[in-house]
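Overview (structure and organization)
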Amino acid sequence: MKYTQLGRTGLKVSRLVLGTMNFGPQTDEADSHAIMDAALDAGINFFDTANVYGWGENKGRTESIIGNWFAQGGERRDKVVLATKVYGNMAADGEAWPNHDKLSAVNIRRAVDASLQRLRTDYIDVYQFHHIDRNTPFEEIWQAIDVLVQQGKILYVGSSNFPGYKIAQANEAAARRGGTIGLVSEQCLYNLAERRAEMEVIPAAQDYGLGVIPWSPLHGGLLGGVIKKEVQGGRRASGRAADTLADPTARAQIQSYEDLLDKHGLEPGEAALAWLLTRPGVTGPIVGPRTAEQLDSALRAVELELSQELLTGLDEIFPGPGPSPEAFAW
């Protein structure tokens, strides 16, 4: 495994991040524990989760699965850089009681204590805001965070799904307070098929020293060889991938992508991950394996060396938006 610093911090993390969203809804607890053991054995030390994972009436289930794994001992907790998130409401029926969601100081305090209990640990390495809260000022958010840092409950703070201007607002507010390190990472939707983050989110993250952690690196399976699997009688596309393939133009684009990688003798999913590892500012993509085999495939991506010819071909198939403001102005 290869490692890098998380943004401007001294924290060293693996270049693949283990996403746990499938633990519970898709993968049972025993298999989830086996995947975490395999990830740790392979050198992956950065695990990502969220308080709402498990979904519906099972919100919090994923954190509990991870907590039960930590409780097995073997230095599991000490070896893991643990990231979880706060924002979504935890009500099983989706109807949040007032102040039981988003980023008010009262909900942050409540949510972190609940996550710590489920995770069976006394601290969280990277506590991430899952979404922007348009109603809570950053001064209030940072005041709540400062207390949690002083209590030793969290060490670093990251954002997720933030636009560039909110990254700037958050860190400028932190700088005005003094003694607050501010955001150290941004977790955003970013992959070959979805490159809008290159316009402002990633430049803002780089300017403020945030590590970029792409989620959905295969764009819901679209970049994982979905057409090839279809033809071979394997798992059919669903969700975002199926919706995209229903468009003939988009299907032709994905076919061109798969043909290019076939020409280079590469597996599409592994190449898509390897491409992200070449991108400026990227710490590491989140991989969310449902099985041990999918984890093995992701691990191979770390060792892939993509030729300039291939990188040029990928840019031709999936051109980025270009920098801001040139992408939409002169």
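Since this is a predicted model, take the numbers as computed values, not measurements. (Residues numbered from 1 in each chain as written. Predicted model: local features only at pLDDT ≥ 70, side-chain atom pairs only at ≥ 80, totals over all residues. Heavy atoms only, no water.)

**Quick word on unusual backbone geometry**
Across the junction of Ser 324 and Pro 325, the peptide omega takes the value 10°, indicating a cis bond. Secondary-structure assignment places Pro 325 in the segment after α13 (308-317). With phi around 60°, Trp 55 is a residue other than glycine that occupies positive phi space. The residue Trp 55 is located in the loop between β4 (46-48) and α2 (61-70) in this model. Positive phi, close to 65°, is recorded for Lys 102, a residue that is not glycine. (Helix = DSSP H or I, 4+ residues; strand = E, 2+ residues; numbered from the N terminus.)

**Brief notes about the packing of aromatic side chains**
The geometry of an aromatic ring pair is captured by two quantities: the separation of the ring centres and the angle between the planes. If you walk through the whole model with that rule in mind, you get seven aromatic pairs. Ring plane angle 45° and centroid distance 5.6 Å describe the contact between Trp 69 and Phe 70, whose orientation is recorded as tilted. For the pair Trp 69 and Phe 70, one class covers both residues: buried. A network of ring pairs unites the aromatic residues Phe 47, Trp 69 and Phe 70 as a single cluster. The cationic tip of Arg 77 hangs over the ring face of Phe 70; the distance from NZ or CZ to the ring centre is 5.4 Å. (Phe/Tyr/Trp six-rings, centres within 6.5 Å; stacked < 30°, edge-to-face > 60°. Buried < 20%, exposed > 50% of the residue type's maximum accessible area, 1.4 Å probe, protein only. Lys NZ or Arg CZ within 6 Å of the ring centre and 35° of its normal.)

**So, the environment of Tyr 257**
Of note, Tyr 257 is situated in helix α10 (residues 248-263). Sequence spacing of Tyr 257 and Gly 284 is 27 residues, and the spatial spacing of their C-alpha atoms is 22 Å. If we skip the residues at most four places from it in the chain, Tyr 257 touches Leu 192, Leu 223, Pro 268, Gly 269, Ala 272, Leu 314, Ile 317 and Phe 318. From its side chain, Tyr 257 meets the backbone oxygen of Pro 268 in a polar contact 2.8 Å long. (Contact = heavy atoms within 4.5 Å. Polar contact = N/O pair within 3.5 Å; in protein donor to acceptor, adjacent residues only side chain to side chain.)

**Digging into the nonpolar core**
Among the nonpolar cores identified, the biggest contains 81 residues, and Phe 129, Trp 142 and Ile 145 are the most heavily contacted of them. A per-element tally of this core places helix α11 (residues 268-277) first, with seven residues. When near neighbours in sequence (up to four residues on either side) are disregarded, Trp 142 contacts Phe 129, Val 157, Ala 170, Asn 171, Ala 173, Ala 174, Arg 177, Thr 180, Gly 182 and Leu 183. (Core = buried A, V, L, I, M, F, W, Y, C linked by side-chain atoms within 4.5 Å.)

**Here we look at the pairing of strand β8 (residues 183-189)**
In terms of burial, β8 is largely enclosed, as six of its seven residues are buried. Where strand β7 (residues 154-160) lies against β8, three bridges are found, and the strand directions are parallel. When the bridges of β8 are listed, Ser 160 appears paired with Gln 187. Following the backbone out of β7, through helix α6 (residues 164-177) and into the adjacent parallel β8, one traces a crossover that is right-handed. The parallel pair β8 and strand β9 (residues 211-215) is bridged by helix α7 (residues 201-207), and the resulting crossover is right-handed. (Pairing = 2+ DSSP bridges. Right-handed = clockwise from strand over helix to strand, strands pointing away.)

**Here we look at the layout of surface pockets**
Taken as a whole, the largest pocket holds about 1,500 Å³ of empty space. Taken together, 50 residues form the lining of the largest pocket, with Leu 218, Gly 220, Gly 221, Gly 288 and Arg 290 sitting closest to its centre. Broken down by secondary-structure element, the contributors of at least two residues to the lining of the largest pocket are α8 (226-231), α9 (239-245), α11, β10 (286-287) and α12 (292-303). Considering every element that reaches the lining of the largest pocket, the biggest residue donor is α12, with six residues. When grouped by side-chain class, the residues that make up the lining of the largest pocket number 17 nonpolar, 21 polar and twelve charged. Empty space within the second largest pocket amounts to approximately 240 Å³. (1 Å grid on protein atoms, 1.4 Å probe; cavity = no way out; pocket = protein on both sides within 12 Å on 5 of 7 lines; lining within 4 Å. Points joined across faces, edges and corners; volume = space filled by probe spheres on them. Nonpolar A, V, L, I, M, F, W, Y, C, P; charged D, E, K, R; others polar.)

**Quick look at the pattern of salt bridges**
If you walk through the whole model with that rule in mind, you get 16 salt bridges. Of the charged contacts, one joins Glu 139 and Arg 176 as a salt bridge, the two residues approaching to 2.9 Å between their closest N and O atoms. Note that Glu 139 is positioned in helix α5 (residues 138-150) and Arg 176 in helix α6, a separation of 37 residues in sequence. On the basis of relative accessible area, Arg 176 is assigned to the exposed category, the value being 59%. (Salt bridge = Lys/Arg side-chain N within 4 Å of Asp/Glu carboxyl O.)

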